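Residues per chain, in single letters:
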Amino acid sequence: MIERIGDHYRSNITNRFIRPVLLQLPLEKQNWDLLEALTAKTDQFPGRGFLLDELYREIGAAARFIALARREIVPTLKKRIEKSGSGESDKVLQDMAVNAFGSNLQLFADWVYELYISLVELDKQNAKGFPPFYSRMPELQDIDTLLLKK
């Protein structure tokens, strides 16, 4: 699931056409770092597993990114994107990336939410009478609103 999220993010969200616009988002460096950690996990930690609290923080960062991109990028992307590329094929690829961005962002949000729900279930099973991690993390309190708002 994490590999699928990372592949989708790199191919469809931060591709060479859209990344310059995304980098203009008013997102803290820590948020970008957490988002990068989530989407590059399979490259960094093959076969080692993941820490639950780290994944929750990374999911929270992804949710903040998604909400901000929905609000600030999706409505204005076509106007903000610079026409780039030297050939007709680049122009076509750029138009495809721009036109599909909203749908690709929604799919990214859906998959991040699916990962979150899976982790919550795992967290509850492993809590063994203690409060699960997610319930003690204030950055996850509005995760439903950030990820599910369309």
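Rules behind the numbers
- Residues numbered from 1 in each chain as written.
- Predicted model: local features only at pLDDT ≥ 70, side-chain atom pairs only at ≥ 80, totals over all residues.
- Heavy atoms only, no water.
- Salt bridge = Lys/Arg side-chain N within 4 Å of Asp/Glu carboxyl O.
- Helix = DSSP H or I, 4+ residues; strand = E, 2+ residues; numbered from the N terminus.
- Buried < 20%, exposed > 50% of the residue type's maximum accessible area, 1.4 Å probe, protein only.
- Patch = residues over 30% accessible without salt bridge, like charges linked within 9 Å, V, L, I, M, F, W, Y side chains within 5 Å.
- Areas by Shrake-Rupley, 256 points an atom, 1.4 Å probe, with all protein chains shown as cover.
- Axes fitted to C-alpha atoms, helices over the stretch in contact; angles between N-to-C directions.
- Parallel < 35°, antiparallel > 145°, perpendicular 65-115°, else oblique.
- Contact = heavy atoms within 4.5 Å.
- Nonpolar A, V, L, I, M, F, W, Y, C, P; charged D, E, K, R; others polar.
- Phe/Tyr/Trp six-rings, centres within 6.5 Å; stacked < 30°, edge-to-face > 60°.

Is there a simple way to explain the pattern of salt bridges in this structure?
A side chain of one charge can pair with a side chain of the opposite charge if their charged atoms are brought near each other. Enumeration over the complete set of coordinates arrives at 6 salt bridges. A salt bridge links R57 to D53; the nearest nitrogen and oxygen atoms lie 3.3 Å apart. Placement of the pair is R57 and D53 together in helix α5 (residues 52-72), with a separation of 4 residues, close to one helical turn. With a relative accessible area of 23%, D53 lands in the partly exposed category. Each of the salt bridges in this network shares a partner with another, and the network as a whole consists of D53, R57 and E139.

I tried to follow a nonpolar patch on the surface on my own but got confused; where do I start?
Together, V92, L93 and M96 line one region of the surface with nonpolar side chains, adding up to about 260 Å² of accessible area. Relative to the assigned elements, L93 resides in helix α7 (residues 88-127). Take L93: its relative accessible area is 40%, and that puts it in the partly exposed class.

How do you make sense of the packing of helix α1 (residues 2-13) against helix α3 (residues 29-39) when you look at a structure like this?
For any two helices packed against each other, one specifies the inter-axial angle together with the distance between the axes. One way to put it is that α1 packs onto α3 with a least axis distance of 8 Å and a crossing angle of 120°. When the axes of α1 and α3 are compared, the pair comes out oblique. Along the contact surface, α1 presents I2, G6, Y9 and R10, while α3 presents W32, L35, L38 and T39. Considering only residue class, the contact of α1 with α3 consists of 5 nonpolar, 2 polar and 1 charged.

Help me understand the packing of aromatic side chains, please; the structure alone is not making it clear to me.
Two aromatic rings, taken as a pair, are described by how far apart their centres are and by the angle between their planes. Under the criterion given, the structure shown has 7 aromatic pairs. Arranged with centres 5.4 Å apart and planes meeting at 35°, the rings of Y9 and F108 form a pair that is tilted. Here Y9 is found in helix α1, whereas its partner F108 is found in helix α7, with 99 residues between them in sequence. Here Y9 falls in the buried class, since its relative accessible area comes to 2%. Considering the side-chain rings of Y56 and Y134, the 6.4 Å spacing of their centres and the 55° angle between planes classify their relative orientation as tilted. Pair noted here: Y56 is in helix α5 and Y134 is in the loop between α7 and α8 (143-148), with a separation of 78 residues, a long-range link. The exposure class of Y56 is buried, given its relative accessible area of 0%. Grouping aromatic residues by their ring pairs yields a cluster made of Y9, W32, F65 and F108.

Any link to function would need more than the numbers given here.
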